[in-house]
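These are the residues of each chain, in order.
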Amino acid sequence: MSRFPSIEEVVATSPVIPVVTISDPSKAVPMAQALVRGGVNIVEITLRTGGAFGAINAITSEVPEIIVGAGTVRNAHQLEAAMEAGAKFGVSPGSSPLLRQEVQKAGIPFLFGGVTPTEVMTLLDEGYTHLKFFPAEAVGGIPVLKALSAPISSALFCPTGGIDIVLAKAYLDLKNVVCVGGSWVADTHSIECGDWSRIEANARQVMTLRVPEGHGLHE
Ligand SMILES: O=C(O)C(=O)C[C@H](O)[C@H](O)COP(=O)(O)O
């Protein structure tokens, strides 16, 4: 069995990938357990804090039923450290030729960020069909994704940035959207005060969202 899931498995795990910024790795396991109790078996830990690698490592060893990924991966060094900590997929707000080369070598499923037609076409050319669309709301959100879907129908997106439960539903109705990312599911405040039941309830609500049939199939 491969060490990694496929990118299709990653995006199909939950309609929403919780994007989590966590400073204290000791909170990582109860946070991940709350997501699992709510039915969400995937989490992206952003590499924005000193505790991120410890959090990835703790979740990997203690909550094996959740697929843990690393977000905010901007260079080869971070990619290597995230994989060493046990990350099963990676996410980046954008992409660079060097990072794409390293991801290719590592064989880890990866969501690179692509927004403009040129960025999207460059990533498609290199075989990346599943992309992050960031910062979704700030760059125009749903109208932009709709406009991209006609000329560039083979690109599938995980819009992230400024999305809440209500917007998530609207994004998931787009045929080039396979999941969305958002920090509201396991928000920093709930993590800091140990409000695990709130995170579990948010996860449960996320699992009521549906990705309409046929999304994610290449045309
Ligand atoms: O750190 C990263 O890797 C990022 O690219 C940014 C995150 O995706 C956003 O911070 C999502 O957060 P919300 O907009 O609060 O849902």
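Before reading further, recall that the structure is shown in the block above.
Just so you know, these numbers come straight off a predicted model, no measurement behind them.

## Let's talk about the overall build of the chain
- The helix and strand tally for the chain stands at 10 helices and eight strands.
- Relative to the 2.2 N^0.38 estimate, which gives 17 Å for 219 residues, the radius of gyration of the chain is 16 Å and therefore close to what a compact globule would have.
- Along the longest, intermediate and shortest principal axes, the C-alpha atoms of the chain span 45 × 35 × 35 Å.

## Remarks on the environment of Ile22
- The residue Ile22 is located in the loop between β1 (16–20) and α2 (28–37) in this model.
- Taking the C-alpha atoms as reference points, Ile22 and Ala52, 30 residues apart in sequence, are found 6.3 Å from one another.

## What about the site of the ligand?
- Around the ligand sit 14 residues, and of these Thr46, Gly71, Thr72, Pro93 and Ser183 come closest.
- Split by residue class, the shell around the ligand holds four nonpolar, nine polar and one charged.

## Focus on the nonpolar core
- Core analysis: the biggest nonpolar cluster contains 67 residues, and Met31, Leu35 and Ile56 have the highest contact counts within it.
- The dominant element in this core, judged by the number of residues it contributes, is helix α3 (residues 52–62), at six residues.
- If we skip the residues at most four places from it in the chain, Met31 touches Val20, Ile22, Ala186, Ile191 and Ile199.

## Quick word on the sheet that holds strand β6 (residues 130–133)
- The parallel open sheet is built from eight strands, whose spatial order is β7-β6-β5-β4-β3-β2-β1-β8. In the strand order of this sheet, the two ends are held by β7 (156–159) and β8 (180–182), each with one partner. The average undirected angle you get between the axes of adjacent strands in this sheet is 30 degrees.
- Here β6 runs beside β7; their pairing, made up of four bridges, is parallel. Paired with Phe133 across the two strands is Pro159, which belongs to β7.

Reading the values: rules and limits
- Residues numbered from 1 in each chain as written.
- Predicted model: local features only at pLDDT ≥ 70, side-chain atom pairs only at ≥ 80, totals over all residues.
- Helix = DSSP H or I, 4+ residues; strand = E, 2+ residues; numbered from the N terminus.
- Rg over C-alpha atoms; globule rule 2.2 N^0.38 Å.
- Near = placed C-beta within 6 Å.
- Nonpolar A, V, L, I, M, F, W, Y, C, P; charged D, E, K, R; others polar.
- Core = buried A, V, L, I, M, F, W, Y, C linked by C-beta atoms within 7 Å.
- Buried ≥ 20, exposed ≤ 12 C-beta atoms within 10 Å, placed from the backbone.
- Contact = placed C-beta atoms within 7 Å.
- Pairing = 2+ DSSP bridges.
- Axes fitted to C-alpha atoms, helices over the stretch in contact; angles between N-to-C directions.

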